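Examining the three-dimensional arrangement
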Amino acid sequence: MASGEKASTASATVQKDDSQLRQKRMIADHFTRLARAPETGEKSVYTFVPGNLTELLRCFDLLPVLPEINALQSAMRGKSKAYIALAEKLGHSEDVCTYVKCDVGMMKSGNVGPTGEHLPNPDLLLLSYTGCFTFLKWFEILRQEYDAPIALLHVPYQADGKITDAMRRYVVDQLRDKIIPELERLSGRKYDEDRLKELLSRSVEAEDDLVWVLQSARNRPSPIDAYFGGVYYIGPIFTAFRGSQEAVDYYRTLRSEIESRLEQRLGPVTPDGEIDEERFRIVVEGPPNWTHFREFWRMFADEGAVVVASSYTKVGGVYDFGFRHDPERPLETLAEYCMGCYTNLNLPSRVEMLTRYVLDYDADGLLINSIKSCNSFSAGQLMILREVENRTGRPGGFIESDLVDPRYFSSSNIKTRLESYFQMIEQKRSGAVA
Ligand code: SF4
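Only a predicted model underlies this, so the values are computations on that prediction, with no experimental measurement involved.

1. Structural notes on the packing of aromatic side chains
Geometry of an aromatic ring pair is reported as the spacing of the ring centres plus the angle between the planes. Tallying each qualifying case throughout the model produces 27 aromatic pairs. Measuring from ring centre to ring centre gives 6.4 Å for Phe60 and Tyr191, while their planes differ by 25 degrees; the resulting arrangement is stacked. Here Phe60 is found in the loop between α3 (54-59) and β2 (63-65), whereas its partner Tyr191 is found in the loop between α8 (165-187) and α9 (193-215), with 131 residues between them in sequence. Ring geometry for Trp290 against Phe293: centres 5.4 Å apart, planes inclined by 15 degrees, an arrangement best described as stacked. We note that Trp290, like Phe293, is buried. Above the ring of Tyr361, the side-chain terminus of Arg218 is found at 5.2 Å from the ring centroid. Here Arg242 stacks its cationic end above the ring of Tyr337, 4.5 Å away from the centre of that ring.

Structure below.
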């Protein structure tokens, strides 16, 4: 029996781990707090995942709202199609990033968040601009809709693949002279650097455990899927919870669960059960499709294909090459974090990173999921593919889908391409392909 069949038969017995339940509770509590904000007087700040300043917001007791997360959650709940259609009716072109259209459609439909509760209007749009021009346009639209102020943190692109002192100073100056005064004004509190240091220390603890979990995929079999499972693992740290004790506890719990899977030599858990035969080890570049997330995952699981590393799980911070927030240099470390996230890296750095993943995780090859509406990820992907193939000698694969627009997910097409890719890997193993 193929591993996928085994996975399906086990679906009835799949149980949620403690870490999953914990994460669910954290998210529910956060959204309840947001829904009550108009009565409690708590202020909400809309901001993006890459290069977010969660610890700084927490330092002022401000509540983060992440529009990208709302968009992907809408897609997972089957709501994005109608939201996108509404945004297009309002004049947003087919070429616009579908996260933006999904967010606009959600807002125009009453701004109900992923848990079914209302989201508060933003008191501030905090735009830490990291590599993607769409972020600027997105918040321009929201500013008009909500009449909310924007605070812009301009993060220099790592064009030469490194962070210079001048770049760091440039970001720190903006944090100190523009962003912090804006947060003081909004919250009515003074900036407390000791508090920020405390929050950053908690970030480090969570980051250490997350990296351990992601790197557990170096084992054979890998106890995790670092793409489909990985998107759940990065949830708390890339969104509203970095710097919180809940995030520390979540990652500690997750780590101990994965340690136990590793000891028992168990493969990853999928929504349909366990993968008990690891046939292919793949590195994936590009965000996942959210409208058919389970079906997409199943296409891999059915073939015994496990993703051992992915670039998407670095979109809100690259930690596995050593970066950790440094509580002793609070503003400098925030600046370095913003400049270091994946969307802010140039193409040679991305090639370097993906090559390392293929070699370090002993993967069979690199697979690219090219996202129609995300230029930030898709630009240069064919070059990346060829370059990583050349450097590793391992075959690359290419599929196309979209983030949250179901019109661009063609199941049969993707399945056929994946099957051909896995066949190619097998042929290569048997020496049939040079
Ligand atoms: S284009 Fe890509 S990186 Fe930019 S906002 Fe859209 S999904 Fe995010």
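2. What about the nonpolar core?
Grouped together as the largest cluster of nonpolar side chains are 133 residues, with contacts concentrated most on Leu56, Tyr99, Trp290, Phe300 and Tyr312. Dropping the residues within four chain positions of it, Leu56 is found in contact with Leu175, Ile179, Ile180, Leu183, Tyr191, Leu196 and Leu334.

3. Brief notes about the sheet that holds strand β3 (residues 124-129)
Strand order across the open sheet formed by four strands is β2-β1-β3-β4, with parallel pairing between neighbours. In this open sheet, the two strands that pair with only one neighbour each are β2 and β4 (150-154). Along the sheet, successive strands turn relative to each other by an average axial angle of 25 degrees, direction set aside. Inspection of the sheet shows β3 paired to β4 by five bridges, in the parallel sense. Of the residues in β4, the one forming a bridge with Ser128 is Leu153.

4. A look at the site of the ligand
Taken together, Cys97, Tyr99, Cys132, Thr134, Phe135, Trp138, Ser373, Cys374, Ser376 and Leu403 form the complete shell of residues around the ligand. A per-class count over the shell around the ligand returns seven nonpolar, three polar and no charged.

5. Focus: the sheet that holds strand β9 (residues 365-371)
Here we have four strands laid out as an open sheet, ordered β8-β7-β9-β10, and parallel in their pairing. Because the sheet does not close on itself, it has two edges, and the strands there are β8 (305-310) and β10 (396-401). Neighbour-to-neighbour, the strand axes of the sheet open up by a mean angle of 35 degrees, direction not taken into account. Bridging between strand β7 (residues 280-285) and β8 involves five bridges; their strand directions are parallel. Residue Phe280 lies in a different strand from β8, and its bridge partner there is Ala305. On the sheet, helix α17 (residues 381-392) packs against β7, β9 and β10 and is oriented at approximately 180 degrees with respect to β9.

6. A few points about the pairing of β9
A regular strand carries its side chains on alternate faces of the sheet. The buried count for β9 comes to seven of seven residues, which makes it a mostly enclosed element. Residues of β9 alternate between two faces, with Gly365, Leu367, Asn369 and Ile371 on one and Leu366, Ile368 and Ser370 on the opposite face, all of them buried. As paired strands, β7 and β9 are joined by four bridges and run parallel to one another. Bridge assignment links Val284 to a residue of β9, and that residue is Leu367. Two strands pair when backbone bridges link them, and β9 and β10 are joined in this way by six bridges, in the parallel orientation.

7. A look at empty space enclosed by the protein
Throughout the structure, instances matching the rule amount to one cavity of 30 Å³ or more. Space inside the largest cavity adds up to approximately 30 Å³. As for the largest cavity, its lining consists of Tyr46, Asn70, Asp103, Met106, Met107, Asn111, Leu119, Leu142 and Tyr146. Mapped by element, the contributors of at least two residues to the lining of the largest cavity are α6 (98-108) and α7 (134-146).

8. What about the layout of surface pockets?
Each pocket or cavity is described by its volume, and for the second largest pocket that value is around 330 Å³. Every residue lining the second largest pocket is counted, 16 residues in all, and those nearest its centre are Gln158, Val318, Phe321, Gly340 and Leu345. Put simply, the parts of the chain that give the lining of the second largest pocket at least two residues each are α14 (330-340) and α15 (347-360). Ranked by the residues each element gives to the lining of the second largest pocket, the list is headed by α15, at four residues. Considering only residue class, the lining of the second largest pocket consists of seven nonpolar, six polar and three charged.

9. Concerning the pattern of salt bridges
Within the structure shown, the criterion is met by 38 salt bridges. A salt bridge links Lys108 to Glu145; the nearest nitrogen and oxygen atoms lie 2.8 Å apart. On the criterion of sequence distance, the pair formed by Lys108 in helix α6 and Glu145 in helix α7 is long-range, its members being 37 residues apart. By relative accessible area, which is 41% here, Lys108 ends up partly exposed.

Criteria and cut-off values
Residues numbered from 1 in each chain as written. Predicted model: local features only at pLDDT ≥ 70, side-chain atom pairs only at ≥ 80, totals over all residues. Heavy atoms only, no water. Phe/Tyr/Trp six-rings, centres within 6.5 Å; stacked < 30°, edge-to-face > 60°. Helix = DSSP H or I, 4+ residues; strand = E, 2+ residues; numbered from the N terminus. Buried < 20%, exposed > 50% of the residue type's maximum accessible area, 1.4 Å probe, protein only. Lys NZ or Arg CZ within 6 Å of the ring centre and 35° of its normal. Core = buried A, V, L, I, M, F, W, Y, C linked by side-chain atoms within 4.5 Å. Contact = heavy atoms within 4.5 Å. Pairing = 2+ DSSP bridges. Axes fitted to C-alpha atoms, helices over the stretch in contact; angles between N-to-C directions. Near = heavy atom within 4 Å. Nonpolar A, V, L, I, M, F, W, Y, C, P; charged D, E, K, R; others polar. 1 Å grid on protein atoms, 1.4 Å probe; cavity = no way out; pocket = protein on both sides within 12 Å on 5 of 7 lines; lining within 4 Å. Points joined across faces, edges and corners; volume = space filled by probe spheres on them. Salt bridge = Lys/Arg side-chain N within 4 Å of Asp/Glu carboxyl O.

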